[in-house]
Structures are given as structure tokens and as C-alpha cells.
Amino acid sequence: AGKHTASSHQLSALVTPAGKSYECQAQQTISLISSDHQKSVQLLLSEVRIQPFDIAADFVFSEEHKCPVDQREQLEETLPLILGLILGLVIVITLCVYHIHHKLTANQVQIPRDRSQYKHMG
């Protein structure tokens, strides 16, 4: 059937800063363009870690650069916690302000010092 080649115009598929390793736990699909136009080629990657540049030693990875999918998943995990903490802080501040305001504006009950004033009470 002959040999065919496949290429990609997705140059941003495995972008990694120099000196860092690329890590992606999530599944990624990279579509490739085949020289045989009747066939489509897709590259499925998951749990990938590669060191494209500046290899310090054999089998030693540099600090990892997370793929956008993993970064988004990490944000989705931490965002509810952050929003919950902010909401709790707003509630505590609101209750403190209300309590202080209530203490400052409360009508103080005056107890009469002279017994003759008791007849006006009630």
C-alpha cells in the first residue's frame, strides 16, 4: 500500500519553555494531516512527560511545565475552595460590622437614681 506521512499544523501542541520538562496527565488528541487524504490520523496522548531541551542528565527531568488541560483542572479543583473562603470572610466581616453598629446605636436604658422617678415608669 506504500508509505504515507503525517504532519501537523498545530505547532502549539507540546509547547514547553526551554529548560523545563513537559507534563500532561490528561488525555490530549493531536490531529495530523495525512499525505493520503482518505485517511485521518489522530495521536492520543495521556500521562506524558518529556524533556525537549537542556537535558541535565540521563533519566532526570527538569521542573515540569503543566499542559493547559492540567492547569485548568487544577484551577477547577482550587477555585471552589478559594471562593468559599472569600464568602466566609465576607460573612464574618458583615456580622462584625453589624454587631459593632448595633452596640454603638443601641438605646441605653437609664435607671432612675431618685425613687420619685419610679412612678413615671411603666
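All of the points below concern the structure found in this document. Values in this document were obtained by computation on a predicted structure and should not be read as measured data.

1. Structural notes on the overall build of the chain
Thought 1: If you tally the helices and strands in the chain, you get 1 helix and 6 strands.
Thought 2: Sequence-ordered secondary structure for the chain, helices as α and strands as β, is β-β-β-β-β-β-α.
Thought 3: Going through the 122 residues of the chain one by one, you find that 14% of them count as buried.
Thought 4: In the chain, the proportion of contacts linking residues at least 24 apart, taken out of those at least 6 apart, comes to 57%.

2. Things to note about a nonpolar patch on the surface
Thought 1: Together, L75, L79, I82, L83, I86 and V90 give the surface a local cluster of nonpolar side chains, amounting to about 530 Å² of exposed area.
Thought 2: Along the chain, the position of L83 falls in helix 1 (residues 68-105).

3. Observations regarding the sheet that holds strand 5 (residues 48-50)
Thought 1: Sheet architecture is open: 3 strands sit in the order 5-2-6, paired in mixed fashion. Only two strands of the sheet have a single partner each, and these edge strands are strand 5 and strand 6 (64-66). Adjacent strand axes in the sheet meet at a mean angle of 20° when their direction is disregarded.
Thought 2: Pairing of strand 2 (residues 21-24) with strand 5 involves 3 bridges; the strand directions are antiparallel. Bridge pairing links Y22 to I50 in strand 5.
Thought 3: Of the strands in this sheet, strand 2 and strand 6 are in contact with helix 1, which crosses strand 6 at around 75°.

Conventions adopted
Residues numbered from 1 in each chain as written. Predicted model: local features only at pLDDT ≥ 70, side-chain atom pairs only at ≥ 80, totals over all residues. Heavy atoms only, no water. Helix = DSSP H or I, 4+ residues; strand = E, 2+ residues; numbered from the N terminus. Buried < 20%, exposed > 50% of the residue type's maximum accessible area, 1.4 Å probe, protein only. Contact = heavy atoms within 4.5 Å. Patch = residues over 30% accessible without salt bridge, like charges linked within 9 Å, V, L, I, M, F, W, Y side chains within 5 Å. Areas by Shrake-Rupley, 256 points an atom, 1.4 Å probe, with all protein chains shown as cover. Salt bridge = Lys/Arg side-chain N within 4 Å of Asp/Glu carboxyl O. Pairing = 2+ DSSP bridges. Axes fitted to C-alpha atoms, helices over the stretch in contact; angles between N-to-C directions.

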